[in-house]
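Observations on the model geometry
Chain by chain, the residues:
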Amino acid sequence: MKMPEPDKAAFEKRSDLIAEFRSFLPADSVVVDEAALKAFECDGLTAYRQPPMIAVLPETTEQVARILKLCKANNIKVVPRGSGTSLSGGALPLADGVLLAMGKFNRVLDLDYANRAAVVQPGVTNLAISQAVEAEGFYYAPDPSSQIACSIGGNVAENSGGVHCLKYGLTTNNILGLEIVTIDGEVIRLGGRHLDADGYDLIGVLTGSEGLLGVVTEVTVRILRQPEVARGLLVGFNTVAEGGECVAKIIGAGIIPAGMEMMDKPAIHAAEAFCNAGYPLDVESLLIIELDGPAAEVEHLTEIVREICAGCNSVSVKVSESEEERLNFWAGRKAAFPAVGRISPDYYCMDGTIPRNRLPEVLVRMNEMSEKYGLRVANVFHAGDGNLHPLILYDANVPGELERAEDFGNDILKLCVEVGGVLTGEHGVGVEKRDLMGEMFTEIDLKQQQRLKCAFDPDGLLNPGKVFPTLHRCAELGRMHIHGGKMPFPDLPRF
């Protein structure tokens, strides 16, 4: 995995930059010590590590604007960072760059129940938003497994999902407004506490942009009323294929559960040993289904789902009888990633999305790949929307195993695209999937995406080396192609 070559001129400016940063930031907000910088050397994709040249931790939007303006003036690269839970290397620092850590932006600014909105700073954790509004009977719907640690700013950068996104949408469906700072130091407000913003959907553009377009300094999110009733079902099957078929049939029946997750046998056993969630250990696959809404509706849908599961040869069905039991069902699923860490020295968490009806086929082919590479795989995924999270188990201390794990992961992602899916569902591209973008997009597609980046960041200073396998110069992308002495669209007036 190759990153941009370090710019020697940047290192020559390091001392002057440190002095400039210290002129308007607190002393402990400018990190330059070699040992201290190691705390920022990687994100959740720990296979790749690189300490930054400098790390800065601003506390106000004005400070962020000054940092970016200073970096722009000195042609210094900037990597924005939230809580560092990214699993795609999106926050991997650059040796000649400034790491802009937003952890001190950690305040809930306003709770507006009348407009069902909360205004928060980007360093506020995902779970903290729901905790801030739960006393009034509200919550924030997107709930990644890392919600106790991941920041809402990082969620915006990656368009994060979660177990309840099947019914309530991803981050992009739950963001009402953003405040961002451009690389020029300009502060821009988009949207607000209303349903839709006028003009271009710039909030949609920024959500999932992985820090390539601007730095988020404030987020207005949609909060929802807690449902009257929420009920969980644990459904076991003798084969993974039967579980996959059941997912398709539930959705096909017009039922959209609040969440529908699947785990295979290795993941089931790891999660149960980790937190005693009450999972059956004699099944090959387990569906966790949650139905919510008015009590009568939930009661009715529970019976329909039971019938569908029975028609798909389910071997066990357990319905939650209390709120504590329902939460316990989800505790096992949300703890699956750390739980798998107990059965393998290392694991590589993948993230691809496929059409639901291809799920059984893809799982069979992943098992074949597992045998080919000689590496075990545990599957945990958002079954309802086809977002797979295969966990490839390996030992980094064994020569060649990391490389085999990466090759295995690449083949899984290529398979996702082959069956009509996409490279990522919620983890982003970062550096992990960067060199696979050509599997999904043509060169024309990629150049058009880069033109959008050029509109925000013409010098390519924000998070370079991520997302795009080949980064073109903006001047190059802006050139008009002349073929045979003729300009394209000759009928258009030229100014």
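Figured I'd write up the structure that's included with this text. Because the structure is predicted, anything quoted here is derived from the model rather than measured. (Residues numbered from 1 in each chain as written. Predicted model: local features only at pLDDT ≥ 70, side-chain atom pairs only at ≥ 80, totals over all residues. Heavy atoms only, no water.)

Within the chain, the regular secondary structure consists of 18 helices and 19 strands. A globule of 495 residues ought to have a C-alpha radius of gyration of about 23 Å, and the chain, at 24 Å, matches this closely. Counting only C-alpha atoms, the chain reaches 65 × 60 × 55 Å along its principal axes. Among the 495 residues that make up the chain, the fraction classed as buried is 53%. Relative to all contacts within the chain whose residues are 6 or more apart in sequence, the contacts with residues 24 or more apart total 72%. Carbon and sulfur atoms make up 51% of the accessible area of the chain, which amounts to about 21,500 Å² in all. Mean positive and mean negative side-chain charge positions of the chain (46 and 68 charges, respectively) differ by 5 Å. (Helix = DSSP H or I, 4+ residues; strand = E, 2+ residues; numbered from the N terminus. Rg over C-alpha atoms; globule rule 2.2 N^0.38 Å. Buried < 20%, exposed > 50% of the residue type's maximum accessible area, 1.4 Å probe, protein only. Contact = heavy atoms within 4.5 Å. Areas by Shrake-Rupley, 256 points an atom, 1.4 Å probe, with all protein chains shown as cover. Lys, Arg positive; Asp, Glu negative; His and termini not counted. Charge placed at Lys NZ, Arg CZ, Asp CG, Glu CD.)

Attention now moves to helix H12 (residues 323-334). Between its terminal C-alpha atoms H12 stretches 16 Å, which fits the 16 Å expected from 12 residues at 1.5 Å a residue. Turning to H12, its buried residues number three or more, namely Arg326, Phe329, Trp330, Gly332, Arg333 and Lys334. (Expected span 1.5 Å × (residues − 1).)

Relative to each other, helix H9 (residues 240-252) and helix H11 (residues 295-311) sit at 140°, their axes nearing to 9 Å. Considering the angle they form, H9 stands oblique to H11. In this structure, the crossing between H9 and H11 has a hand that is right-handed. On the side of H9, the interface is formed by Cys246, Lys249 and Ile250, while H11 contributes Val305, Ile308 and Cys309. Tallied by class, residues from the contact of H9 with H11 come to 5 nonpolar, no polar and 1 charged. (Axes fitted to C-alpha atoms, helices over the stretch in contact; angles between N-to-C directions. Parallel < 35°, antiparallel > 145°, perpendicular 65-115°, else oblique. Left-handed = near helix turned anticlockwise from the far one by under 90°. Nonpolar A, V, L, I, M, F, W, Y, C, P; charged D, E, K, R; others polar.)

Of the positions making up helix H10 (residues 265-275), those classed as buried are Ala267, Ile268, Ala270, Ala271 and Glu272. In this structure, the buried residues of H10 make contact with strand E13 (259-264), strand E14 (285-293), H12, helix H13 (336-340) and strand E18 (377-382).

Bringing the pairing of E13 into the picture now. Where burial is concerned, most of E13 is hidden: 6 out of the 6 residues are buried. The pairing of E13 with E14 spans 6 bridges and is classified as antiparallel. Across the sheet, residue Met262 finds its bridge partner in E14, namely Leu287. With 2 bridges connecting them, E13 and E18 associate as antiparallel partners. (Pairing = 2+ DSSP bridges.)

With that settled, consider the environment of Glu62. Here Glu62 lies in helix H4 (residues 61-73). According to the relative accessible area criterion, Glu62 is exposed, its value standing at 56%. Expressed as a C-alpha distance, the spacing of Glu62 and Pro142, which sit 80 residues apart in the sequence, is 29 Å.

What follows deals with the nonpolar core. Of all hydrophobic cores here, the largest spans 78 residues; its most connected members are Leu178, Val219, Val221, Leu287, Ile289 and Ile392. Those residues in contact with Leu178 that lie beyond four places of it in its chain are Val156, Ile188, Arg189, Leu190, Ile203, Leu206, Thr207, Val216, Glu218 and Val219. Ranked by size, the runner-up nonpolar core spans 27 residues in total, among them Ile18, Phe21, Cys71 and Leu100. (Core = buried A, V, L, I, M, F, W, Y, C linked by side-chain atoms within 4.5 Å.)

Bringing the side chain of His472 into the picture now. Note that His472 resides in the loop between helix H17 (443-456) and helix H18 (474-478). In this structure the side chain of His472 is engaged in a polar contact, spanning 2.9 Å, whose partner is the side chain of Glu443. Look past the residues within four positions of His472 in its chain and what remains in contact with it is Glu443, Lys447, Gln450 and Leu477. (Polar contact = N/O pair within 3.5 Å; in protein donor to acceptor, adjacent residues only side chain to side chain.)

What follows is about the state of the cysteines. Scanning the model with the defined rule gives 1 disulfide in all. Free cysteine Cys150: the closest other cysteine sulfur is in Cys165, separated by 11 Å. A relative accessible area of 3% places Cys150 in the buried class. Free of any disulfide, Cys349 has its nearest cysteine sulfur in Cys416, 12 Å distant. (Disulfide = S-S within 2.5 Å.)

Under the criterion given, the structure shown has 30 salt bridges. Several salt bridges share partner residues, and in doing so they unite Arg358, Glu361, Arg365 and Glu418 into one network. (Salt bridge = Lys/Arg side-chain N within 4 Å of Asp/Glu carboxyl O.)

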